[in-house]
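What follows is each chain in one-letter form.
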Amino acid sequence: GFPNQLLLYEVRQLHQNDTTPRKLSETLRNYLDIQSDLPPILSYKNIKPRAINICDDEHANVRRLLVDHGTDAAIWIKDYLMENPTVEIASPESFVRLLDSWSADPCATAS
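Every chain begins its residue count from 1, and numbering advances along the sequence as written. Residues qualify for local features only when their pLDDT is at least 70, as the model is predicted, and side-chain atom pairs are given and counted only at 80 or more; totals for whole chains, interfaces and linings, by contrast, use all residues. The basis for every side-chain value is the complete set of non-hydrogen atoms in the structure, without hydrogens or water.

**Student:** How would you sum up the nonpolar core? Please name residues and give values.
**Tutor:** For this analysis, a nonpolar core means a set of buried residues of the types Ala, Val, Leu, Ile, Met, Phe, Trp, Tyr and Cys, connected via side-chain atoms within 4.5 Å. For each residue, the accessible area found with a 1.4 Å probe, counting protein chains only, is set against the maximum for its type, and the residue is called buried under 20%, exposed over 50%, and partly exposed in between. Formed by L8, A74, I77, L81, M82, V87, I89, F95 and L99, the largest nonpolar core amounts to nine residues. Only DSSP runs of H or I reaching four residues or more are called helices, and only runs of E reaching two or more are called strands; each is numbered from the N terminus. At the level of secondary structure, the elements contributing two or more residues to this core comprise α2 (60-79), β2 (87-89) and α3 (92-100). For this analysis, residues touch if any pair of their heavy atoms sits within 4.5 Å. Ignoring sequence-local partners within four residues, the contact set of V87 consists of L6, L8 and L81.

Right under this line is the structure:
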């Protein structure tokens, strides 16, 4: 491999209901050169008593800014970072699909 290799994944890949978590685990195991299987990564819910609801109207401007930054970051990751031979992407199709969602306001699509 390359020196200073980077493993890239989107955290939601850990909790998808398909083969992505298994592929991610295999990629991580290979990346770390571990021979034995890794234990499954379990979902958790962290409840924060002082958390805000980002979908509240009062946070619309901040949300718009975050979506703009997410869009810019996703473009840069796809156009530059993913093209670097020292970067390994865990389950690339899933990664790109989730990365594309960074340009969408999650509150506009929430049901």
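That was the structure; now back to the text.
**Student:** Talk me through the side chain of T27; I want residue IDs and the actual numbers.
**Tutor:** For T27, the location among the structural elements is in helix α1 (residues 20-32). Excluding residues that lie within four positions of it along the chain, T27 makes contacts with L7, E88 and A90.

**Student:** If you had to explain α2 to someone new, which residues and values would you point to?
**Tutor:** Every helix has an expected span of 1.5 Å times one less than the residues it contains. Its 20 residues place the ends of α2 28 Å apart at the C-alpha level, agreeing with the 28 Å of an ideal helix rising 1.5 Å per residue. What α2 keeps buried is the set A60, R63, V67, G70, A74 and I77. Buried residues of α2, viewed axially, fall in a sector of 105°; they line one side. Away from its buried face, by an angle of more than 90 degrees, α2 presents the exposed residues N61 and D72. Contacts from the buried residues of α2 go to β1 (6-8), α3 and α4 (106-109). Regarding the arc, it is the one traced by the directions from the helix axis to the C-beta atoms.

Function-wise, these values are silent; they only describe arrangement.
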